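Here is how the chains run, residue by residue.
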Amino acid sequence: MPRPTTLGDAILLFAADTPLAPIYDLAHEPGVQQRALVLRTLQAIGRDDGADVLFPGAAGTGKTTTLKLLLAVLDDCGISFAVGAPTHKAAGRASESLDGLWPVTTHHRWWCGSAEEAIEEGEEFSDDLHLGVADDRTMSERVLVIDEASMISVEDLAAIRTVAPTATIVGVGDPHQL
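Residues numbered from 1 in each chain as written. Predicted model: local features only at pLDDT ≥ 70, side-chain atom pairs only at ≥ 80, totals over all residues. Heavy atoms only, no water.

Undergrad: Outline the side chain of T66, supporting the account with residue identities and numerical values.
TA: When you line up the elements, T66 lands in helix α4 (residues 63–77). Those residues within four positions of T66 in sequence are excluded, and the remaining contacts are Q34, L37, V38 and F55. (Helix = DSSP H or I, 4+ residues; strand = E, 2+ residues; numbered from the N terminus. Contact = heavy atoms within 4.5 Å.)

Undergrad: Lay out unusual backbone geometry with the relevant residues and their values.
TA: At D25, a position not held by glycine, the phi torsion is positive, near 55°. Mapped onto the secondary structure, D25 falls in the loop between α2 (21–24) and α3 (32–47). A relative accessible area of 68% places D25 in the exposed class. A positive phi angle, near 55°, is found at D48, a position not held by glycine. Within the secondary structure, D48 sits in the loop between α3 and β1 (52–56). (Buried < 20%, exposed > 50% of the residue type's maximum accessible area, 1.4 Å probe, protein only.)

Undergrad: An account of the pattern of salt bridges is needed here, citing residue identities and associated values.
TA: One pass over the structure, following the stated rule, counts 7 salt bridges. Of the charged contacts, one joins D52 and R161 as a salt bridge, the two residues approaching to 2.7 Å between their closest N and O atoms. Here D52, found in strand β1, pairs with R161, found in helix α8 (residues 154–163); they are 109 residues apart in sequence, far enough to count as distant. Residue class for D52 comes out partly exposed when judged on its relative accessible area of 48%. (Salt bridge = Lys/Arg side-chain N within 4 Å of Asp/Glu carboxyl O.)

Undergrad: Before we move on, could you go through the packing of aromatic side chains and cite the residues and values that matter?
TA: To describe a pair of aromatic rings, one takes the distance between the centres and the angle between the planes. One pass over the structure, following the stated rule, counts 2 aromatic pairs. Note on F81 and W102: the rings are 6.4 Å apart at their centroids and 65° apart in plane angle, and the pair reads as edge-to-face. Taken together, the residues span a long stretch of sequence, with F81 in strand β2 (residues 81–85) and W102 in the loop between α5 (88–97) and β3 (104–106) at a distance of 21 residues. You'll find F81 and W102 in the same group, each marked buried. (Phe/Tyr/Trp six-rings, centres within 6.5 Å; stacked < 30°, edge-to-face > 60°.)

Undergrad: Describe the sheet that holds strand β4 (residues 143–147), and please don't skip the residues or the numbers.
TA: Ordered by their spatial adjacency, 5 strands build an open sheet running β1-β5-β4-β2-β3, and the pairing between neighbours is parallel. The sheet is open, and its two borders are formed by β1 and β3, each paired with just one other strand. Averaged over all neighbouring strand pairs, the angle between strand axes comes to 25°, with direction disregarded. The pairing of β4 with strand β5 (residues 168–173) spans 5 bridges and is parallel. Counted as the bridge partner of I146 is G171 from β5. Along the sheet, α4 makes contact with β1, β2, β4 and β5, crossing β1 at roughly 140°. Packing of α5 onto the sheet brings it into contact with β2, β3 and β4, and relative to β3 it is tilted by some 170°. (Pairing = 2+ DSSP bridges. Axes fitted to C-alpha atoms, helices over the stretch in contact; angles between N-to-C directions.)

Undergrad: Before we move on, can you summarise the nonpolar core with the specific residues and values?
TA: F14, L42, L71 and L74 are the most contacted members of the largest nonpolar core, which has 38 residues in total. Looking at which element gives the most residues to this core, the answer is α4, with 8 residues. In contact with L74, not counting residues within four places along its chain, are L42, I45, I79, F81 and V143. Membership of the second largest hydrophobic core comes to 14 residues, among which are C112, I146, A149 and I169. (Core = buried A, V, L, I, M, F, W, Y, C linked by side-chain atoms within 4.5 Å.)

The structure is reproduced here in C-alpha cells:
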C-alpha cells in the first residue's frame, strides 16, 4: 500500500487496522496508543481550529518515534509544519532525535525572529529587541511542534498563538520534568 498523499487518506489509514510498519519502513509496528495519538492529531489538523495536542510520556515511551511518524505523514500529505524547542541545546537535541530530517529551531524565533533577521532589516540587535512579539510576524504553518513542551511558559504559548492563531500545536514532552 502506498503512503497517503492527502490528510483525508492519512486519517483513513490510521483509523483502519492496516499495518503501518511496511508503509513507513518502521522497525516495529506502532502501538495502539501511538497510532491513536497520530490519528487524533491528524483529525485536529483537519478541523483547522487551532487545537492543542499533547504527546506526553516519560523517557523511552515512544514520543520521538511517534513524532517522526507524524512528521513523515505531514510531509507526505504536503501539510506545512515547524518544529521548535525552548532552547538552542534542546533544538539541537531534537534535531538529532529526528535524524536531521526536519529543521528544528527555538520556538522564540517563531515570534521574535533572529539576530540575523534584525541585522538584515537594519536594526541593531540587542536582548531588548526580542522581548515582545514582532508586529508584522505571522506564521503560515498549519502545525507547530514544540519539543520539551513542559518547559514552555504561558507567555510563550500566548506569543505563539499571536503569530499562529489557527495552527494545531503539538506539545511533546515529559510531564514529570520540572
